[in-house]
Amino acid sequence: MRTGKIVLAAVGALLLGVGAYTTAHIGLGEPSASPPQTTNPARFMQIVAHEDDDLLFMNPDIDAAIRAGYDSMTVYLTAGNGRSGADYARSRQDGSLLAYQKMAGADTSECRQDVRSCWSSHTLTVGGGAPVQVFTLKKRPGVQLVFLDLPDGYDDGKSCALNHLWRDPDVTVHTLQDPGNQLVGEVAYTRETLIRTLVALMKNVDPTVVRTQDPAPNPRLGERDVWQCRNGDSFHDHYDHVNAARFADEAARRYSATANPRLLQEYYRDYNVKDSAPDLSPRVTAVKNGIFCEYAREDIHVGRSDGKGCLLMDPYPRYVERTYPRWPRGSSWVGRDADGRLHAFAVEGGRLYTWWQNSRGAFDGPRDLGNPGVPLAAPVAVGNNDDGRLEVFVIGADDAANIYTTYQSKSDGDWVSHWDDMGNPSARQGWPATRSVSAPVVAVNGDGRLQVFVTNAGGGISTKYQLVDNGAWTDVWVDLPGAGVQGAPAAVTTDDGRIEIFASTGSRVLHWYQRKPNGDFAAGAFPAVTPASSPAIAKYPDGRLAVFVREAGTGSLVYGYQSGPGGRWAPAVRRLPADDGYAAPALVTVNGRVVVFSRNGGTGVSMIRQDAANGGYDAATWTDLYGVSMSCIAAAVDRSGRVVAFYLGIDGRMYAAAQTAPGVDSAFARWSAVGAA
């Protein structure tokens, strides 16, 4: 991260304690639990612009993976030198080396006088690319860092070096001459050389997960921060962040096409997270802060240590308190077909895959359902047509960001071989407004017609619906009143056939409802809460709704509930015990009780059950189901009456854990990978 606005370094500072990293900081789902055994062990690669981008915007996820024992390589494209030269760039590298030592559990004090003494380094000559210097942590050889040393955005008047490389294949940019880099020296990069270098590094590491920054920042978030290159190109985030993500994307596309077609990519929002509510728990924030402080001690533009803690300049504390994936996968990617068998869906390598229960209750798959000719973003929503056919909804990962759908050709049958293009409600505004549109969600009208909802570029909700049940869709998107929505909405069909919608803004939860089945929508109320995630909705057996969100500042799950079916809401939300997770939960109702599943602070899965039907969670505690999840959890009840929970593993496989018998209090079997590798 480079602020690009030097005045920020003079803004007031905030003191955050440097918490020692202990099991208590992570809480439930501690990564020390044995990860699922697979024939394809997970490996991570992060590709970022600057030496602190990974620590600010991707943690706690990097930390959890390293502490769980997985191999990890982070590649920094620029030297992060700004206007301060090679010595400053070297100090930033030292900060990164210290931070990764801490994440690996190594004692950073033993080499603080000579940071690089704890690391070995060698030159890797990559085919078709440029030679690079690889740093390997001596006590954890699976942890590696690579500094490509391209000029940061402020190089001697030729600003936006990464942007020039991306736009013009004939441009050549030379790396910073780092006196500490005796192995490689100065290297000349073109657009193609940089892409080939990244592809070669991927082939060397063979990652199952590639984490990158946001290639298309939402212009509605952080819109006060417009970054402009001297050629006139403007961005809604740092130009190095955006272009680093573009290079990573292209390299991942080539790598996936030749080496790993089911590569998982995770994108992270950057500067604009500060315009969303803080979503991490205090304990996770303290751990993240402690790691970042190892870096900050070496970066004079970020903060300093006062001997007791880490004094960070604004806005860095705000980044430490937040982590937001660009495309959260959500929890609506599991559906139940007409005969009660479950189907799970996931996007890997930009294509949609599905796993399904067979007649014995085991799972087959994965089957590649392809894509509509453009790569797909991660979120998937599943609904049932009136005749029982499953239909899935996805969003394109290109600049058009259209919503697409495909469906079963018959109830419990095969899938059609084509995709229907539903367009984008902000298409008339063009790019980048189109990239502001959220992932879709789907609900069923009282007469059986499906209806899809997305957040549009104006921060409101747009919708399309089937003209007849099982039939074609409306041509145009219809807007609902409201503004300020961040992330995807959630939708549910009530027992009397009305659709209700909930969506999070930066300060409250918005609510819309149909006045009557199949009718128009009106704005409703919801108890006061500052949400830090998209909502998730459960139905009580008496017909009342309960809506769950993460609470800003605590990271805890809270829920509001109706005092009667279709009626008013209880005046205040209630809080579940802390689980140190972030993102919305998965909810399922069985035997009249709501079961909540969360991706906890250790990237495992935690579960909590309602005390009684239509009741609270006063006597409930979280049960750790372990596992190592890529992102959000999903859950459903299969035709045997058992709850089955799912997560997408960091090795690209789908994992499931089913109850050993029907009944809300029945235990869960161990996680196992389903289908073929």
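Keep in mind it's a predicted model, so treat the numbers as computed, not measured.

This part covers the overall build of the chain. Scanning the chain from N- to C-terminus turns up 9 helices and 42 strands. A globule of 677 residues ought to have a C-alpha radius of gyration of about 26 Å, and the chain, at 24 Å, matches this closely. With respect to the three principal axes, the spread of C-alpha positions in the chain is 70 × 50 × 50 Å. Relative to its full complement of 677 residues, the chain shows a buried share of 63%. A separation of at least 24 residues holds for 59% of the contacts in the chain among residues at least 6 apart in sequence. If you sum the accessible surface of the chain, you get close to 23500 Å²; carbon and sulfur atoms cover 49% of it. Measuring between centres, the 65 positive side-chain charges of the chain sit 2 Å from its 73 negative side-chain charges.

Right, let's talk about the pattern of salt bridges for a bit. Evaluation of the coordinates by the stated rule reveals 34 salt bridges. The residue R599 makes a salt bridge to D61 at a minimum N-O spacing of 3.7 Å. In this pair, R599 sits in strand β36 (residues 593–599) while D61 sits in helix α3 (residues 61–67), placing the two residues 538 residues apart along the sequence. Its relative accessible area of 10% is what places R599 among the buried residues.

This next bit is on the environment of E250. Turning to its location among the elements, E250 is positioned in helix α7 (residues 239–258). Residues E250 and W356, spaced 106 residues apart in sequence, show a C-alpha to C-alpha distance of 31 Å. Here E250 is in contact with W166 and I195, once residues within four sequence places are set aside. Here R254 takes part through its side chain, which lies 2.9 Å from a polar atom of the side chain of E250.

With mixed pairing, the 7 strands of this open sheet are ordered in space as β4-β5-β6-β3-β2-β9-β12. Across the chains shown, the open sheet's two edge strands, defined by having one partner strand only, are β4 (119–124) and β12 (264–268). Within the sheet, the average angular offset between the axes of one strand and its neighbour, ignoring direction, is 20 degrees. As paired elements, strand β2 (residues 43–48) and strand β9 (residues 209–213) share 4 bridges and run parallel to each other. Each bridged residue has a counterpart across the sheet, and for Q46 the counterpart in β9 is R211. Against the sheet, helix α6 (residues 191–205) engages β2, β3 (71–78), β4, β5 (132–137), β6 (140–150) and β9, with an angle of about 160 degrees to β2. Against the sheet, α7 makes contact with β2, β3, β9 and β12, and its axis sits at roughly 155 degrees relative to β9, the strand it touches most.

Glancing now at the state of the cysteines. Applying the stated criterion to the full structure yields 3 disulfides. For C160, the disulfide goes to C229, at an S-S distance of 1.9 Å. Taking the sign of the S-S torsion, about -105 degrees here, the bridge from C160 to C229 comes out left-handed. With C160 in the loop between β6 and α5 (161–167) and C229 in the loop between β10 (227–228) and β11 (234–235), this pair connects stretches of sequence that are 69 residues apart.

Of all residues in the chain, 91% have pLDDT values of 70 or greater, and the mean over the chain is 89. The low-confidence segment residues 2–40 (pLDDT under 50) makes 106 contacts with residues lying over four places distant or belonging to another chain.

Before going further, it helps to examine the nonpolar core. Grouped together as the largest cluster of nonpolar side chains are 51 residues, with contacts concentrated most on L55, Y100, W119, F292 and L312. Take this core: its biggest share by element is 7 residues, from helix α8 (residues 282–296). When near neighbours in sequence (up to four residues on either side) are disregarded, W119 contacts L97, Y100, Q101, F135, T136, L137, K138, V143 and L145. One finds L342, W355, L369 and A656 within the second-largest nonpolar core, a separate group that totals 41 residues.

Within the secondary structure, R43 is located in strand β2. From its side chain, R43 meets the backbone oxygen of V205 in a polar contact 3.2 Å long. Excluding anything up to four places from it in sequence, R43 contacts D71, V205, D206, P207, T208 and V209.

Looking now at the sheet that holds strand β38 (residues 623–626). Spatial ordering of the open sheet is given by β35-β36-β37-β38, a layout of 4 strands whose pairing is antiparallel. The open sheet terminates on both sides in strands that have one partner only, identified here as β35 (586–590) and β38. Sheet twist, expressed as the mean angle between neighbouring strand axes with direction ignored, is 25 degrees. Summarising the sheet, β35 and β36 pair through 5 bridges and their orientation is antiparallel. Considered in β36, the bridge of L587 is made with V596.

Where α6 meets α7, the closest approach of the two axes is 9 Å, and the angle between their N-to-C directions is 50 degrees. Taken as axis vectors, α6 and α7 run oblique relative to one another. Once α6 is placed against α7, the crossing between them reads as right-handed. Of the residues in α7, those touching α6 at R191, E192, L194, I195, R196, L198, V199, M202 and K203 are F247, A248, E250, A251, A252, R254, Y255 and T258. Here the contact of α6 with α7 is built from residues that sort into 10 nonpolar, 1 polar and 6 charged.

Where a strand is regular, its side chains alternate between the two sheet faces. Among the 7 residues that make up strand β16 (residues 342–348), 7 are buried, leaving the element largely enclosed by the rest of the structure. In β16, alternate side chains face the same way, and those of L342, A344, A346 and E348 on one face and H343, F345 and V347 on the other are all buried. Examined bridge by bridge, strand β15 (residues 334–336) and β16 share 3 bridges and lie antiparallel to one another. The residue bridging V334 from the neighbouring strand is A344, located in β16. Two successive antiparallel strands, β15 and β16, enclose a turn made up of 5 residues, where G340 displays a positive phi of approximately 90 degrees. Inspection of the sheet shows β16 paired to strand β17 (residues 351–357) by 6 bridges, in the antiparallel sense. Looking at the pairing, E348 lines up with R351 of β17. Counted along the chain from β16 to the antiparallel partner β17, the turn is 2 residues long, and its residue G349 has a positive phi close to 60 degrees.

The next point concerns the pairing of strand β41 (residues 654–658). Extensive coverage of β41 is indicated by the burial of 5 of its 5 residues. Where burial is concerned, the two faces of β41 agree: the one with M654, A656 and A658 and the one with Y655 and A657 are both buried. In textbook terms, the turn of a hairpin is the stretch between consecutive antiparallel strands, and for strand β40 (residues 643–648) and β41 this stretch comprises 5 residues, one of which, G652, has a positive phi near 85 degrees. Bridge count for β41 against strand β42 (residues 672–673) is 2 bridges, and the pairing is antiparallel.

Moving on to the side chain of R262. When you line up the elements, R262 lands in the loop between α7 and β12. Within the local environment of R262, its side chain forms a polar contact with the backbone oxygen of G652, the two atoms lying 2.7 Å apart. Looking at R262, its side chain comes within polar contact range of the main-chain oxygen of A677, at 3.4 Å. If sequence neighbours within four positions are ignored, R262 has contacts with S256, E348, G349, Y353, W355, P366, G652, R653, A676 and A677.

Conventions we followed
- Residues numbered from 1 in each chain as written.
- Predicted model: local features only at pLDDT ≥ 70, side-chain atom pairs only at ≥ 80, totals over all residues.
- Heavy atoms only, no water.
- Helix = DSSP H or I, 4+ residues; strand = E, 2+ residues; numbered from the N terminus.
- Rg over C-alpha atoms; globule rule 2.2 N^0.38 Å.
- Buried < 20%, exposed > 50% of the residue type's maximum accessible area, 1.4 Å probe, protein only.
- Contact = heavy atoms within 4.5 Å.
- Areas by Shrake-Rupley, 256 points an atom, 1.4 Å probe, with all protein chains shown as cover.
- Lys, Arg positive; Asp, Glu negative; His and termini not counted.
- Charge placed at Lys NZ, Arg CZ, Asp CG, Glu CD.
- Salt bridge = Lys/Arg side-chain N within 4 Å of Asp/Glu carboxyl O.
- Polar contact = N/O pair within 3.5 Å; in protein donor to acceptor, adjacent residues only side chain to side chain.
- Pairing = 2+ DSSP bridges.
- Axes fitted to C-alpha atoms, helices over the stretch in contact; angles between N-to-C directions.
- Disulfide = S-S within 2.5 Å.
- pLDDT = per-residue confidence, 0-100.
- Core = buried A, V, L, I, M, F, W, Y, C linked by side-chain atoms within 4.5 Å.
- Parallel < 35°, antiparallel > 145°, perpendicular 65-115°, else oblique.
- Left-handed = near helix turned anticlockwise from the far one by under 90°.
- Nonpolar A, V, L, I, M, F, W, Y, C, P; charged D, E, K, R; others polar.

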